[in-house]
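Structure assessment
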Amino acid sequence: MSRQEITVGVGGEAGEGIGRTGDSIAKIAARHGLHIYAYNSYQSVIRGGHVWLRIRIATEKIHNHGDHLNVLIALNQDTLDRHLREVDSDGWVLFNTEVVRVPEDHRGDLRYCGVPCKALCKDLGYKPVMQNTVLLGAATWVLQLDFSYVEGVMQDIFKHKGAPVVRENVQVAWRGYEYARENFPPIHSPFPRGPKPLAVTTGNEMFALGAVAAGCKFYAAYPMTPASSILHWFARYGPELGVVVKQCEDELAVINFAIGAGFAGVRALCATSGGGFSLMTEAIGEAAMTETPVVVINAMRGGPSTGLPTKTEQADFWQLFGASQGDYPKMILAPTDALDCYYTMAEAFNWAERYQIPVLVASDLYLSEHRETVDPADIRFDVPIDRGESALREWPEDREYKRFADTPTGVSPRVLPGTPGVCYTAATDEHDERGILISDVGTDPVKRKKSMDKRMRKLRFLRQEIPAPQVIGPERADVTLVGWGSTKGILIEAADRLTRAGISTNVLALKYLYPFPSDGVMDVLRRSPKVIVVEQNYTGQLMRHIRAETGFLAHGAVRKYDGEPMEPAYVVQGVKAILEDGISVFPGE
Amino acid sequence: MATAVLDVIQEIRDVPVEAYEGPVHPDWCPGCGDYGVLKALQKALAYLQIDPSQVVVVSGIGCSSNLPGFIRAYGFHGLHGRALPVAEGIKLANPRLHVVVTGGDGDGYGIGMGHFIHAMRRNLDITYIVMNNQIYGLTTGQVSPTSMKGVRTKSTPYGNIEPPVNPIALALMSGATYVARGFSGDPNHLASLVAHGIRHRGFALIDVFSPCVTYNNVNTYAWFRQRVYRLEDEGHDPSDFARAVEKALEFGDRIPIGLFYEIEVETYEDLEPAYKRGIPVDQPLGLSPEEGARLVQAWM
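First, a word on what this report is: a plain description of the structure on this page.

Right, let's talk about unusual backbone geometry for a bit. Residue and element names in this part refer to chain A. With omega at 0°, the peptide bond leading from Thr225 into Pro226 counts as cis. With respect to the element layout, Pro226 can be found in the loop between strand E8 (216-221) and helix H8 (228-241). Between Tyr514 and the following residue, Pro515, the backbone shows a cis peptide bond with an omega angle of -5°. Here Pro515 shows up in the loop between strand E19 (512-514) and helix H17 (518-526). Look at Glu291: it is not a glycine, yet its phi comes out positive at around 55°. Among the structural elements, Glu291 can be located in the loop between helix H10 (274-290) and strand E11 (294-300). Assessed through its relative accessible area of 1%, Glu291 is described here as buried.

A few words now on the sheet that holds strand E22 (residues 585-586) of chain A. Residues and elements named next belong to chain A. Reading across from one edge, E16-E18-E17-E20-E21-E22 is the order of the six strands in this open sheet, with mixed pairing throughout. Bordering the open sheet on either side are strand E16 (471-472) and E22, each of which pairs with just one other strand. In terms of strand pairing, strand E17 (residues 479-484) meets strand E18 (residues 505-510) through six bridges, oriented parallel. Across the sheet, the residue bridging to Gly483 is Ala509, located in E18. Along the sheet face, helix H16 (residues 488-500) touches E16, E17, E18 and strand E20 (530-535) and points at about 170° away from the line of E18. Packed onto the sheet, H17 meets E16, E17, E18 and E20 and runs at close to 165° relative to E18.

Bringing the sheet that holds strand E3 (residues 48-58) of chain A into the picture now. Residue and element names in this part refer to chain A. A sheet is described by the order of its strands in space; here eight strands give the open sequence E6-E5-E4-E1-E3-E2-E14-E7, paired in mixed fashion. The sheet is open, and its two edges are formed by strand E6 (111-115) and strand E7 (199-202), each paired on a single side. Within the sheet, the average angular offset between the axes of one strand and its neighbour, ignoring direction, is 20°. Note: E7 against strand E14 (residues 371-374), four bridges, orientation antiparallel. Following the sheet pairing, Val200 is matched in E14 by Thr373. Sheet strands touched by helix H1 (residues 18-31): strand E1 (5-14), strand E2 (35-41), E3, strand E4 (69-74), E7 and E14. Its angle to E3, the strand with the most contacts, is close to 5°.

Once that is clear, we can look at the pairing of strand E2 (residues 74-77) of chain B. Side-chain direction in a regular strand flips from residue to residue, so the side chains alternate between the two faces of the sheet. Along E2 of chain B, one buried face is formed by Tyr74 and Phe76 of chain B and the opposite face, lined by Gly75 and His77 of chain B, is buried too. Relative to E2 of chain B, strand E15 (residues 425-427) of chain A runs parallel, the two sharing three bridges. In the strand pairing of E2 of chain B, Thr425 of chain A is matched with Gly75 of chain B. Sheet analysis places strand E1 (residues 55-59) of chain B next to E2 of chain B, joined by four bridges and oriented parallel. Residue pairing in the sheet places Val57 of chain B in a bridge with Gly75 of chain B of E2 of chain B.

The next thing to look at is the packing of aromatic side chains. Under the counting rule described, the total for this entry stands at 35 aromatic pairs over all chains. Here Trp233 of chain A and Tyr237 of chain A contribute two aromatic rings whose centre-to-centre distance is 4.9 Å and whose plane-to-plane angle is 45°, an arrangement assigned as tilted. One end of the pair is Trp233 of chain A and the other is Tyr237 of chain A, both in helix H8 and four residues apart, which spans about a single turn. Aromatic rings pair up to connect Phe263, Trp395, Tyr401 and Tyr424 of chain A together with Tyr74 and Phe76 of chain B into one cluster. One cation-aromatic arrangement involves Lys330 of chain A over Phe321 of chain A; the distance from NZ or CZ to the ring centre is 5.5 Å. It is Lys560 of chain A that lies over the ring of Tyr570 of chain A; its NZ or CZ is 5.4 Å from the centre.

Cut-off values and rules
- Residues numbered from 1 in each chain as written.
- Chains lettered and ligands numbered in written order.
- Predicted model: local features only at pLDDT ≥ 70, side-chain atom pairs only at ≥ 80, totals over all residues.
- Heavy atoms only, no water.
- Helix = DSSP H or I, 4+ residues; strand = E, 2+ residues; numbered from the N terminus.
- Buried < 20%, exposed > 50% of the residue type's maximum accessible area, 1.4 Å probe, protein only.
- Pairing = 2+ DSSP bridges.
- Contact = heavy atoms within 4.5 Å.
- Axes fitted to C-alpha atoms, helices over the stretch in contact; angles between N-to-C directions.
- Phe/Tyr/Trp six-rings, centres within 6.5 Å; stacked < 30°, edge-to-face > 60°.
- Lys NZ or Arg CZ within 6 Å of the ring centre and 35° of its normal.

Below is the structure:
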């Protein structure tokens, strides 16, 4: 079966049910066993504004939301006016004729499918909020999806409102479906069904589930887009799973709650976005100094300051890297897709506990909030859990206990508070092996150096454990695209298109940012005649990091910082511009 | 209850504290009020016969915040102003532990003020002892949030123009369920307030006049001795909220110490839904396949 693919855009103003329409299409497709990847572009308003959701549906796994549009569902005039030009030739435009007018000078290469929603459903108690359901029904026909799944989805959405409301919505959707069947030809033959239904999830949900699978028992947060949906998931499921979930007064409290819980011996997680992470930074150093394991997710959004609350960016790397004063051991991970978000949590907790360090996880709005299908069979619950020497509940009476014992790896056995026979203080002031924090001890140059050496030694061993970076695509290529975190799926598709256009391209998608796997990265970069670093920020934070860690200066950079995610076409265009025009940074000023 | 504080004073006077002696002697200035607080806490723990390994003493930054290093117990010495959130995290993860927070007025009523109010309204079972010397000692004598109006310090050479925070009134208004004030110069009374505070189910604040003998030459032992009186000696009823508020506002020629207010209500731990599965630190890690499948099912 050759790959089939359709991209649908749904737009309107906040409050018109765009999210629900989009989620419904995603769910219906996933229940067919089809894959989806969706991205919601929204604004920081509760009502009004322009909300725009793009859902890519395919018969095979897809890794980004694409860069084109086959079907436009316009819930208001604004959406039609904004997005008509983006629809591919022979594409489809679905709208309510009672609300949206096709302009006089409209494109002639599109199929305009107007549905008179109210007239069609006036005997069913039609209300204007139902137009999205009518259009959903019509879209189901156009996309050749099975209407029986619409009934199931309506059941999911409206069952809390009672059976009559479910019935009413199913009927309204059916009218839309019937009208479309009578008036519009479908976009293609029926979508072939996949072998089994798929789960529709987000990066944030996968972080949360992954954390719980990894043994997380404490989650703290202060609401902040785009991290909030992690809190919502934990708030919903935490109590029944035995996870204490705490919404704190601010991010200063959040991280310190998590450190307290980590100190007491549970796997503790917190998440925020850049602004909240700024508030947390002092405590990141506290975790490192007291050698308390903690995992922190920073779901980046556009900055600086409160910046773009609802838009994506990858510009907090330096903040993660430079978080907190002084030198201290830490780890920075940048997961690359939904499944990776899940498994990264187990890695993060294991590393945090085994090395007794803070582990910082960089996500971004695109990764955290996008919707993606995942095969449930790919979500293994028996993830490896390795606490190292970090949660000891007893200590032999005849052995002296030193909490910060100087060891070959820098990792000291950690006995949990409450363990009889042992007492120690974990101090954020400099201290010796026993944890003594009086000034005479902490400021003694010999002891200070010994303590620093012990803590920093962890990095040497940690670095050895980091998997070598793997190049995706051919071993040797004309161009190597280097990116980090969420852009992996976009880079792979861009590389594929470039290769098909005659520019052989491979991808180095970095997940382990600190400690940096310099040797492995250099092995890849050294082979490539043209290294182009692609990232979603202005200053090229990864590019500079690579230079700092390896001395390697990339040949060019594709950057984007307008708030909207990278798209394969943008990367392709950027690479071509660099190769053909000889510029070094695309788009440049 | 008022008499209970006085009853304990006799019993607590001679209780042996060796079991709670820390690995080093404090490096506080000779005569510092914090010595009395340390001793009071040790006496309280000894009186209550709590094993040192079942206690976590949490602090922030400052002279007084070095206390965890001087007592035999588990300790966490954290950041300036952030002791309470750490303590709350510890308590939520392992509510079996006795969690005592020690710090100064700058730490608790200045940089940590937000956490202070929220911790009290949550009513977690935590004991918070604030060594209030009305000055920033470790940073060599700047004005603190409890410094009196008019005082001259390194950072207020022309006199402090801000009125002080009233921690007792603030605690009463924020929902603290045990509100007391002690004085380092009356160590057995203080020890009995601490013991009752630790035994109290819920958030206990014990504000302590703990004179800084180096940088505060106004609020000295002698200054307090002339003014303080025990609420217990005057038959104050700590269940009377309105009267407690009235007493909290008394600060001048006569300054009350003792138990202002105590009420027993549900603690945060009583309501925490996750405890239905048991104490977090005792939970097995991970998800069963059934649990996991059920969670994924919600996405199907």
